[in-house]
Amino acid sequence: PRPRGGQVIAVWGPAGAPGRTSIAIGLAAELAALGHRVVLADVDTHGASIAPALGMLDEAPGFAAACRLAGADALTHQELDRIASRYESSAGSFWVLTGIGRPSRWPELSGERVLGAIRACRDWADFTVLDTSSSLENDEEISSDLYAPRRNAATVTAVREADRVIAVGSADPVGLSRFLRSHVELLATATTAEVIVAMNRVRASAMGMNPTGQVTHTLARFGGIHSPVIVPHDQHAFDGAVLSAKTVTDVAPRSPARIAIRDLAARLAPDAVGER
């Protein structure tokens with residue numbers, strides 16, 4: 001049984017850049033805008049990107065530091081306050097644990113350390129949003145040493161520890177094919193979490209007339225997935241966010257993509273919406 005505390009939300013998606021980081025940042029911003037204490041952690045061991053997306057330095061990655069302290073049983077709330085960066089916003093500020101700057105540092109994020117860091121964050125914040133990598137493969141079959149570190153241990157641990165997993169897919173023929181093939185593996189890994197499917201970049205230019213209907217029908221027919229979250233394509237809003245190193249919530253509050261992410265946050269935190 002998981003310890004009591006805040007909720008852990010893992011944002012996962014298959015290979016091909018479906019927009020995991022964009023959704024994770026937007027979700028953290030919207031949960032913070034609802035008045036919650038939120039920490040956004042970059043758990044991606046293949047291509048960490050939260051720090052450059054928000055204009056933060058990553059020479060001393062916060063999540064790796066949290067994992068080291070967790071391994072030494074020294075990760076306290078005071079240490080999290082010290083190593084975490086702060087994204088300031090009038091809409092809602094949140095904490096950020098930046099990811100490793102070089103993929104070669106992946107051995108620092110072992111499964112046991114990542115689990116300790118996530119559980120410390122669960123006790124520290126109301127919501128912990130984890131930006132993960134795509135691969136869920138276990139390396140035991142190809143390793144001669146059962147105690148060797150696993151490249152994908154951070155992602156697998158994050159998905160298994162999460163209360164909810166936001167499965168992000170790209171709404172185009174190639175992206176849908178990749179998502180449906182990987183979704184089966186996700187369900188086999190996230191055995192205790194609620195999986196919420198979010199299709200990103202939904203647009204008529206890639207799916208034809210009625211893109212929302214096309215995406216919804218394809219997911220239901222080939223994956224048995226019903227009522228996915230639809231995030232409309234808004235390249236201008238996300239380009240502006242990256243250019244200014246801010247969230248879409250701050251840069252384009254009326255963007256249809258931002259509104260879809262806001263509604264998802266409201267679904268995850270219904271009590272805060274009621275109070276507001």
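Residues numbered from 1 in each chain as written. Predicted model: local features only at pLDDT ≥ 70, side-chain atom pairs only at ≥ 80, totals over all residues. Heavy atoms only, no water.

*Asks:* Explain the overall build of the protein chain here, please?
*Replies:* Each helix and strand counted, the protein chain has 13 helices and eight strands in total. Against the globule reference of 19 Å for 276 residues, the protein chain gives a C-alpha radius of gyration of 18 Å, in line with a compact fold. Looking at the protein chain as a whole, 52% of its 276 residues are labelled buried. Taking the intrachain contacts of the protein chain between residues at least 6 apart in sequence as the baseline, contacts between residues at least 24 apart amount to 76%. Per element, the accessible surface of the protein chain, about 12,600 Å² overall, is 51% carbon and sulfur. In the protein chain, the 27 positive side-chain charges and the 30 negative ones have mean positions that sit 3 Å from each other. (Helix = DSSP H or I, 4+ residues; strand = E, 2+ residues; numbered from the N terminus. Rg over C-alpha atoms; globule rule 2.2 N^0.38 Å. Buried < 20%, exposed > 50% of the residue type's maximum accessible area, 1.4 Å probe, protein only. Contact = heavy atoms within 4.5 Å. Areas by Shrake-Rupley, 256 points an atom, 1.4 Å probe, with all protein chains shown as cover. Lys, Arg positive; Asp, Glu negative; His and termini not counted. Charge placed at Lys NZ, Arg CZ, Asp CG, Glu CD.)

*Asks:* Before we go on, may I ask you to explain helix 6 (residues 153-161) in this structure?
*Replies:* Think of an α-helix as turning once every 3.6 residues; residues three or four places apart then point the same way. When you tally the buried positions in helix 6, you get eight out of nine residues, the bulk of the element. Those residues of helix 6 that are buried lie in contact with strand 1 (7-12), helix 5 (111-124), strand 5 (127-131), strand 6 (164-170) and helix 7 (173-189).

*Asks:* Please explain the sheet that holds strand 1 as it appears in this structure.
*Replies:* Hydrogen bonds between backbone atoms are what pair the strands of a sheet, whose relative direction is either parallel or antiparallel. With mixed pairing, the eight strands of this open sheet are ordered in space as 3-4-2-5-1-6-7-8. With partners counted over all chains shown, the strands left at the sheet margins are strand 3 (85-87) and strand 8 (229-232), one partner each. Within the sheet, the average angular offset between the axes of one strand and its neighbour, ignoring direction, is 25°. Both strand 1 and strand 6 contribute to a ladder of four bridges, which runs parallel. Paired with Val 11 across the strands is Ile 166, a residue of strand 6. Sheet strands touched by helix 7: strand 1, strand 6 and strand 7 (194-202). Its angle to strand 6, the strand with the most contacts, is close to 160°. (Pairing = 2+ DSSP bridges. Axes fitted to C-alpha atoms, helices over the stretch in contact; angles between N-to-C directions.)

*Asks:* Just to check I follow, could you spell out unusual backbone geometry for this structure?
*Replies:* Negative phi characterises most residues that are not glycine, and trans characterises most peptide bonds. In the Ramachandran plot, Asp 73 falls in the positive-phi region, its phi being about 55° despite a non-glycine side chain. As for its position among the elements, Asp 73 is in the loop between helix 3 (62-71) and helix 4 (77-83). We classify Asp 73 as exposed; its relative accessible area is 74%. A positive phi angle, close to 55°, is found at Asn 210, a residue other than glycine. Secondary-structure assignment places Asn 210 in the loop between helix 8 (204-207) and helix 9 (211-223).

*Asks:* Sorry if this is basic, but what is going on with the packing of helix 5 against helix 6 here?
*Replies:* In helix packing, the relevant descriptors are the interaxial angle and the interaxial distance, both defined with respect to the helix axes. For the pair helix 5 and helix 6, the least separation of the axes is 9 Å and the interaxial angle reads 40°. Here helix 5 is positioned oblique relative to helix 6, judged by the angle of their axes. Along this stretch, helix 5 crosses helix 6, giving a crossing that reads as right-handed. Contacts from Gly 111, Val 114, Leu 115, Ile 118, Arg 119 and Arg 122 of helix 5 reach helix 6 at Ala 153, Ala 154, Thr 157, Ala 158 and Glu 161. Taken together, the residues that form the contact of helix 5 with helix 6 break down as six nonpolar, two polar and three charged. (Parallel < 35°, antiparallel > 145°, perpendicular 65-115°, else oblique. Left-handed = near helix turned anticlockwise from the far one by under 90°. Nonpolar A, V, L, I, M, F, W, Y, C, P; charged D, E, K, R; others polar.)

*Asks:* Before we go on, may I ask you to explain the pattern of salt bridges in this structure?
*Replies:* When the charged atoms of two side chains lie near each other, side chains of opposite charge can form a pair. Within the structure shown, the criterion is met by eleven salt bridges. A salt bridge links Glu 30 to Arg 258, with the shortest nitrogen-to-oxygen separation between them at 2.7 Å. With Glu 30 in helix 1 (residues 20-33) and Arg 258 in helix 12 (residues 256-268), the pair connects residues that are 228 residues apart, well separated along the chain. Taken as a pair, Glu 30 and Arg 258 share a single burial class, namely buried. Arg 82 is the salt-bridge partner of Glu 79, the closest N and O atoms lying 2.5 Å from each other. You can see Glu 79 and its partner Arg 82 sitting in helix 4, three residues apart, about one turn around the helix. Given the relative accessible area of 22%, Glu 79 is considered partly exposed. You can call Arg 82 exposed: its relative accessible area is 57%. Look at the salt bridges and you will find they share partners, linking Arg 119, Arg 122, Glu 161 and Asp 163 into a network. (Salt bridge = Lys/Arg side-chain N within 4 Å of Asp/Glu carboxyl O.)

*Asks:* Help me understand the nonpolar core, please; the structure alone is not making it clear to me.
*Replies:* In summary, soluble globular proteins display a tendency toward joint burial of nonpolar side chains. Residues Phe 63, Leu 97, Val 165 and Leu 219 are the most contacted members of the largest nonpolar core, which totals 49 residues. Counting residues in hydrophobic clusters, the runner-up holds 41 residues, among them Ala 53, Ala 237, Ala 265 and Leu 268. (Core = buried A, V, L, I, M, F, W, Y, C linked by side-chain atoms within 4.5 Å.)

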